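Spelled out, the chains give:
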Amino acid sequence: MNSRTDSEKAPKLGKTHCFRYGYSLPACRSYIWRHFLQFFSKIPMAPIISIRNLTKTYGNGFKALKGVNLEIEEGEILALLGPNGAGKTTLISIVCGLVNPSGGQVLVGGHDVVKDFRQTRAMIGLVPQELTTDQFETVWNTVTFSRGVHGKKEDPAHIERVLKDLSLWEKRDNMMRELSGGMKRRVMIAKALSYEPRILFLDEPTAGVDVNLRREMWQVVERLRQNGVTIILTTHYIEEAEEIADRVGVINGGELLLVEAKTALMKKLGRKELRLELTKPMAALPDALGTYNVALAENGGALIYEYQGEAEQGRIATLLGTLAAQGIEYRDLSTRQSSLEDIFVELVGQRA
Amino acid sequence: MNFEAIKSIYLFEMARMRRTLLQSVVSPVLTTSLYFIVFGTAIGSRIEQIDGISYGAFITPGLIMLSLLTQCIANGAIGIYFPKFTGTIYEILSAPIAMTEILLGYVGAAATKGLIIGLIILATASFFVDISIAHPVMMLVFLVLTAVTFSLAGFVIGIWAKNFEQLNIMPMLVVPPLTFLGGSFYSIDMLPPFWQTVSHFNPVLYLVSGFRWSFYEIADVNPAISLGMIGLFLVLCLSLVAWIFRTGYRLRS
């Protein structure tokens, strides 16, 4: 987990700001209080985002969302996976107030996103997919503007911290058009962090970003999570979800196919494969192996045993015992676990 | 009311004016000077006086109105159109601010710019001709009402426009003819009766006439009617804006 190393450094505790990203003291205090009360009252905390039966039909009749239900807990990282046009961006846009819903309801922190938009939007930071920036503005001005337009009092010290954390401090007086694509992406994130949101939406944060910057982004996400920020990201890099998400939602054709904890999902749907390279090729499987889910490959040169996650793991030992009893020798063995990608392709393929 | 947000939008827009100082301030001053040189000498030498006022002084209110209308519409339109065009509008639409606050920020800035330019032209004109202002308070009332109304109109155009072509239709193709034919450079008494009637359908006539009255107490139409007409345009623009905000027209799908 090389992406976690940086975040292990202890956050500096200042007088007025307690978290690394400079969340102000009152914000931290309310965060701690909420958790304190929740801990002692034993009442399950209400989800920070609750999406109920959400539908969206665009003017041209396109049904982008067909009744989505989703609850997001405070402090988690949720990855929404789906092919292009699956409805990921529409879903985010409705929560953030860019698109009006056709039906259903979205509650953020218990407030309706349409009726109580002031409360909900103040909590939400959005980093959109497109690199949309004011080309002729400086980095400093555009980030300061974001804070102001969200109704927060000016706080140059906070903006400075955000820019430094995103390695943008040196570029603060540069115009946006002078920046590279990766730098612009950072500015987009800085804009969203300038007003200290409790929830951060990252729409395809690492699209068109090089490997180094992608690693850096993941570190930023990890640090934010440690500050208690809830993060929802969409991606079609499954590797990304595998790396940083707590839970994974798969969306396709306007429907949420599943939402599950990443590890549970990989356990449940992930398949494992044991591969044995045989010393002597076999023409056919001996009868003794009939009870196992094995198959021959490479003209009898290899034996492949497929099993489902943990449930069947104990059988490997018995299988190997059977092989020894049968006098079947092997020179090498390897196991492989299906990735989130395999699971995703299977899921989306099934429904299509 | 999210005053912090209104202030941010307003200052952001005003900063753009400072960045484009040459285009937004120097160019209207130059244009006005040219009008005085060309109209003042070429036509002024033949007309000399209208209603006892020197020709140069007579056309000053019309020239201010011409710039005020063009600038307010153009600034009001570009202010909201540009974020729409670049996509940065996502930030304003996802911010905890109501449409009225967005409106106050953008229209406030556009009207301020228009007013500044109007006053600069007035100052420039005073170098060329003697200008007296009979009703300074009414002059400011006309100036502010016109600036706000046409910045609102610009805002509507900025939301409606789908490309730069549509954006420029009003300030480039509609405002100048209306201003030139609205008695900016002549008194409509000088026209044949038929064209006098036609002129009364030109909204700009009421603006110029009322504004000129506040300077010299001469008017083509009763100043009260002028004020009423500006009020009417203001209400019209406000209802259009209200409709846009209610329906989310071209802003939120």
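Residues numbered from 1 in each chain as written. Chains lettered and ligands numbered in written order. Predicted model: local features only at pLDDT ≥ 70, side-chain atom pairs only at ≥ 80, totals over all residues.

**Regarding the overall build of chain A**
Along chain A, the regular secondary structure elements total eleven helices and 14 strands. When the 352 residues of chain A are sorted by exposure, 36% land in the buried category. Within chain A, contacts between residues separated by at least 24 positions form 70% of all contacts whose residues are at least 6 apart in sequence. (Helix = DSSP H or I, 4+ residues; strand = E, 2+ residues; numbered from the N terminus. Buried ≥ 20, exposed ≤ 12 C-beta atoms within 10 Å, placed from the backbone. Contact = placed C-beta atoms within 7 Å.)

**Structural notes on the overall build of chain B**
Along the backbone of chain B there are ten helices and two strands. Along chain B, helices (α) and strands (β) appear in the sequence α-α-β-β-α-α-α-α-α-α-α-α when read from the amino end. Relative to the globule expectation of 18 Å for 253 residues, the C-alpha radius of gyration of chain B, 19 Å, shows essentially globular dimensions. Across its three principal directions, the C-alpha atoms of chain B cover 60 × 35 × 35 Å. Burial analysis of chain B (253 residues in total) assigns 44% to the buried set. (Rg over C-alpha atoms; globule rule 2.2 N^0.38 Å.)

**Observations regarding the pairing of strand β1 (residues 49-57) of chain A**
Working note: regular strand, side chains alternate between the two faces of the sheet. Residues and elements named next belong to chain A. In this structure, β1 lies alongside strand β2 (residues 63-72), joined through seven bridges in antiparallel fashion. The residue bridging I49 from the neighbouring strand is I72, located in β2. Hairpin connection between β1 and β2: a loop of five residues separates the two successive antiparallel strands, and G61 in this loop has a positive phi of roughly 90°. The pairing of β1 with strand β4 (residues 103-108) spans five bridges and is classified as antiparallel. Bridge assignment links I51 to a residue of β4, and that residue is V106. (Pairing = 2+ DSSP bridges.)

**So, the environment of V221(B)**
Residues and elements named next belong to chain B. Tracing the chain through its elements places V221 in the loop between α9 (203-216) and α10 (223-247). Of the residues examined, V221 has 18 C-beta atoms within 10 Å and is grouped as partly exposed. With 33 residues separating them along the chain, V221 and I188 place their C-alpha atoms 9.7 Å apart. In this structure, V221 is in contact with L205, Y206, S209 and S226, ignoring residues within four places of it in sequence.

**Comments concerning helix α6 (residues 181-193) of chain A**
Three or four residues apart is the spacing at which side chains of an α-helix point the same way, because the helix has 3.6 residues per turn. For α6(A), built from 13 residues, the straight-helix expectation of 18 Å at 1.5 Å per residue is met to within 8% by its first-to-last C-alpha distance of 19 Å. Within α6(A), burial applies to R185(A), R186(A), V187(A), M188(A), I189(A), A190(A), K191(A), A192(A) and L193(A). (Expected span 1.5 Å × (residues − 1).)

**Quick look at the UniProt feature "transmembrane region" (unreviewed entry) in chain B**
The residues that UniProt annotates with the feature "transmembrane region" (unreviewed entry) are residues 21-43, 55-82, 103-125, 137-160, 167-188 and 224-245 of chain B. Along residues 55-82 of chain B the backbone is 100% helical and 0% strand, and the end-to-end C-alpha distance reaches 40 Å. (UniProt positions renumbered as here; feature names shortened; annotations may be inferred.)

**Concerning the UniProt feature "domain: ABC transmembrane type-2" (unreviewed entry) in chain B**
According to UniProt, the "domain: ABC transmembrane type-2" (unreviewed entry) feature falls on residues 19-248 of chain B. Across residues 19-248 of chain B, the secondary structure splits into 80% helix and 2% strand, with the terminal C-alpha atoms separated by 31 Å.

**What to know about unusual backbone geometry**
In this model, E196(A) sits at a positive phi of 50°, which is unusual for a non-glycine residue. With respect to the secondary-structure elements, E196(A) resides in the loop between α6 and β7 (199-203).

**Describing the sheet that holds strand β12 (residues 294-297) of chain A**
Residues and elements named next belong to chain A. The antiparallel open sheet is built from four strands, whose spatial order is β12-β13-β11-β14. Two strands in the sheet have a free side with no partner beyond their single neighbour: β12 and β14 (330-337). Neighbour-to-neighbour, the strand axes of this sheet turn through a mean angle of 20°, independent of strand direction. (Axes fitted to C-alpha atoms, helices over the stretch in contact; angles between N-to-C directions.)

**Focus: the interface of chain B and chain A**
Interfaces are often described in size by the accessible area the parts lose on coming together. Taken together, the contacts link 22 residues of chain B with 27 residues of chain A. Top element by residues in the side of chain B that touches chain A is helix α1 (residues 3-19) of chain B. It accounts for seven residues. Its residues assigned to classes, the side of chain B that touches chain A shows nine nonpolar, eight polar and five charged. (Nonpolar A, V, L, I, M, F, W, Y, C, P; charged D, E, K, R; others polar.)

**Details of the sheet that holds strand β6 (residues 124-127) of chain A**
Residue and element names in this part refer to chain A. Reading across from one edge, β6-β7-β8-β3-β9-β10 is the order of the six strands in this open sheet, with mixed pairing throughout. Bordering the open sheet on either side are β6 and β10 (255-261), each of which pairs with just one other strand. On average, each strand axis in the sheet is tilted by 15° relative to the strand beside it, whichever way the strands run. As judged from the five bridges shared by strand β3 (residues 77-81) and strand β8 (residues 230-235), these two strands associate in the parallel manner. Its bridge partner lying in β8, I77 is registered against I231. Seen against the sheet, α6 touches β6 and β7 and runs at an angle of roughly 170° to β6. Most of the contacts of helix α7 (residues 211-226) go to β8, to which it runs at about 155°, and overall it touches β3, β7 and β8.

**As for the nonpolar core**
V95(A), F201(A) and I73(B) are the most contacted members of the largest nonpolar core, which has 137 residues in total. In terms of residue count, the dominant contributor to this core is helix α3 (residues 55-86) of chain B (17 residues). (Core = buried A, V, L, I, M, F, W, Y, C linked by C-beta atoms within 7 Å.)

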